[in-house]
Amino acid sequence: MLKGGQLAQGKIVEQFENNFAKFIGVKYACAVANGTAALHLALLSLGISKGDEVITTSFSFIATANAILYTGAKPVFVDVDEKTFNINPELIEEKITSKTKAILPVHLYGLPANMEQIMKIARKHNLLVVEDACQAHGAEINDKKAGSIGAAGCFSFYPTKNMTTGEGGMITTNSSTLAQKIRLLRNHGMRERYRHEEIGFNLRMTDIEAAIGLEQLKKLSLMNKKRASNALFLSKQLKNIEGILTPIVPQGIKHAWHQYTIRVTPSYKLTREKLIERLSAKKIGTAIYYAVPIHLQLAYKNLGYTDTLPVTEQISKEVLSIPVRPDLTVDQLKYIIDQF
Ligand SMILES: *Cc1c(COP(=O)(O)O)cnc(C)c1O
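Residues numbered from 1 in each chain as written. Predicted model: local features only at pLDDT ≥ 70, side-chain atom pairs only at ≥ 80, totals over all residues. Heavy atoms only, no water.

On to the packing of aromatic side chains, then. Within the structure shown, the criterion is met by 14 aromatic pairs. Ring centres of F20 and F155 lie 5.0 Å apart, and the angle between their planes is 80°; on these two criteria the pair is classed as edge-to-face. Here F155 lies in strand β8 (residues 152-156) and F20 lies in helix α1 (residues 11-24), a separation of 135 residues in the sequence. The residues F20 and F155 share a single accessibility class, namely buried. Ring centres 5.6 Å apart and planes at 25° place the aromatic pair W257 and Y260 in the stacked group. Sitting above the plane of the F23 ring, K145 keeps its charged end 4.8 Å from the centroid. (Phe/Tyr/Trp six-rings, centres within 6.5 Å; stacked < 30°, edge-to-face > 60°. Helix = DSSP H or I, 4+ residues; strand = E, 2+ residues; numbered from the N terminus. Buried < 20%, exposed > 50% of the residue type's maximum accessible area, 1.4 Å probe, protein only. Lys NZ or Arg CZ within 6 Å of the ring centre and 35° of its normal.)

Take a look at the structure:
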């Protein structure tokens, strides 16, 4: 491959795109530099621009909302459901205005958002739906893969995700118009050599990344199965502990278990911080995704977000992600449980 000469956006990238499209069950997949670029280019290529509003969640990685801002549009935050941690469809319609163009749900921790409700609302109000599936490779909604339901699905291959290419991203879609537009914009608006039809970007994927991605994709389903069995084990042991709320999986949903995230509520014997200390003393790594919701980030201070999002703000104080990665052994899982 290295001797082939084309190390960026070459044959291996094309092969990775084809295999990924097949895996997700869509006609097209467009590889890009990272997940943030995937979101940015999907929104831009769908025509989202200045003056538009995009409804999304504040309980996500900041890239979700930043990608909306890059297009000039405004992220409008809707509170999440306290059980799924995903955007609450019941609260979407009250945030729709004449400026609303799209809904950007996030499949947080690998659990698909309520796409049935979201698509229903989108159809009723003529809105686009872009799925942030950056944490949901292989997750399913009634046998359809996350990322195959909206106008576009956006994936990240950052090293912490369920599959990686180092850095990398992918946009999945059934629209050839959209795929063509994305392919133009990721490569400086160039269709023919040095003829630039539009002001584009350099957001290409390299063939080295794609080569890693092809191998990772082969292993994804097995790795996700291991994550799922680890999650099942953790939930069985943790669900009867007073004050610990374990993750739920709604009917018809296949969770990708990017993270296994519990809520440490006030009725648990320790505070979340004390529990983290205890686990850390036993060399068990934990993380809080996300301690500060996007609308409360310093970077968003001057953007005029004054409304409170009560559920988002409450759960950001309670969530704790504990290990669920595929290589955990039963002994390691038991060791984790013992610390509770
Ligand atoms: C990782 C992630 C992104 C961004 O992906 P990068 O590859 O890091 O740019 C966007 N949204 C969510 C929900 C993510 O977890």
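What follows continues from the structure just given.
Before going further, it helps to examine the sheet that holds strand β4 (residues 100-104). If you trace the seven strands from one edge of the open sheet to the other, you get β1-β9-β8-β5-β4-β2-β3, paired in mixed fashion. Single-partner strands in this sheet number two, and they are β1 (28-32) and β3 (74-78). Going from strand to strand, the sheet's axes swing by 25° on average, the running direction of each strand aside. Relative to strand β9 (residues 169-173), β1 runs antiparallel, the two being bridged by five bridges. Along β9, the bridge assignment pairs C30 with I171. This element, helix α3 (residues 63-70), spans β2 (53-57), β3, β4 and β5 (128-132) of the sheet and lies at about 145° to β3. Sheet contacts for helix α5 (residues 176-185): β1, β8 and β9; angle to β1, the most-contacted strand, approximately 15°. (Pairing = 2+ DSSP bridges. Axes fitted to C-alpha atoms, helices over the stretch in contact; angles between N-to-C directions. Contact = heavy atoms within 4.5 Å.)

We now examine helix α2 (residues 35-45). Of all the eleven residues making up α2, nine are buried; the element is thus mostly covered by neighbouring parts of the structure. The complete set of buried residues in α2 reads G35, A37, A38, L39, H40, L41, A42, L43 and S45. Capping of α2 at its N-terminal end is provided by N34; its side-chain oxygen lies 3.1 Å from the backbone amide nitrogen of T36. One or two residues past the end of α2 sits G47, with phi positive at roughly 90°. (Polar contact = N/O pair within 3.5 Å; in protein donor to acceptor, adjacent residues only side chain to side chain.)

What follows covers the site of the ligand. As a structural note, the neighbourhood of the ligand is formed by 14 residues, with G35, T36, Q135, S156 and K161 the closest of them. For the ligand, an oxygen atom lies 2.5 Å from a polar atom in the side chain of T36. Within the side chain of S156, a nitrogen or oxygen atom sits 2.7 Å from an oxygen atom of the ligand. If the ligand stood free it would expose 380 Å²; the protein chains cover 93% of that surface. Where the shell around the ligand is concerned, the elements lending two or more residues are α2 and α3. The element contributing the most residues to the shell around the ligand is α2, with three residues. Partitioned by chemical class, the residues of the shell around the ligand number five nonpolar, seven polar and two charged. (Near = heavy atom within 4 Å. Areas by Shrake-Rupley, 256 points an atom, 1.4 Å probe, with all protein chains shown as cover. Nonpolar A, V, L, I, M, F, W, Y, C, P; charged D, E, K, R; others polar.)

On to the sheet that holds strand β12 (residues 260-264). The strand order β10-β12-β13 describes an open sheet built from three strands, whose pairing is antiparallel. Bordering the open sheet on either side are β10 (244-245) and β13 (319-322), each of which pairs with just one other strand. Pairing of β10 with β12, which is carried by two bridges, proceeds in the antiparallel orientation. Pairing of L245 across the sheet is with R263, part of β12. Running over the sheet, helix α6 (residues 207-238) touches β10, β12 and β13 and is turned about 20° from β12.

The next point concerns the side chain of N230. As for its placement among the helices and strands, N230 is situated in helix α6. With relative accessibility at 5%, the residue N230 sits in the buried group. Apart from residues no more than four positions distant in its own chain, N230 is found in contact with V324, R325, P326, L328 and L333.

A word on empty space enclosed by the protein. One pass over the full model with this rule turns up one cavity of 30 Å³ or more. In this structure, the largest cavity is lined by K83, T84, F85, L108, Y109, L111, P247, I248, H255, W257, Q259 and T261. Classifying every residue of the lining of the largest cavity by side-chain character gives seven nonpolar, four polar and one charged. (1 Å grid on protein atoms, 1.4 Å probe; cavity = no way out; pocket = protein on both sides within 12 Å on 5 of 7 lines; lining within 4 Å. Points joined across faces, edges and corners; volume = space filled by probe spheres on them.)

So, on to a nonpolar patch on the surface. The grouping of L2, L7, I208 and I212 at the surface amounts to a nonpolar patch, some 350 Å² of accessible area in total. Within the secondary structure, L2 sits in the segment before α1. Judged by relative accessible area, L2 falls into the exposed class, the value being 59%. (Patch = residues over 30% accessible without salt bridge, like charges linked within 9 Å, V, L, I, M, F, W, Y side chains within 5 Å. Salt bridge = Lys/Arg side-chain N within 4 Å of Asp/Glu carboxyl O.)

So, on to the nonpolar core. Judged by nonpolar contacts, the single largest core of 42 residues is most densely connected at F16, F20, I92 and I103. Contributions of two or more residues to this core are made by α1, β1, β3, α4 (115-125) and α6. Counting residues per element, this core draws most heavily on α1, which supplies six residues. A37, A38, V54 and L203 belong to the second-largest nonpolar core, a separate cluster that totals 25 residues. (Core = buried A, V, L, I, M, F, W, Y, C linked by side-chain atoms within 4.5 Å.)

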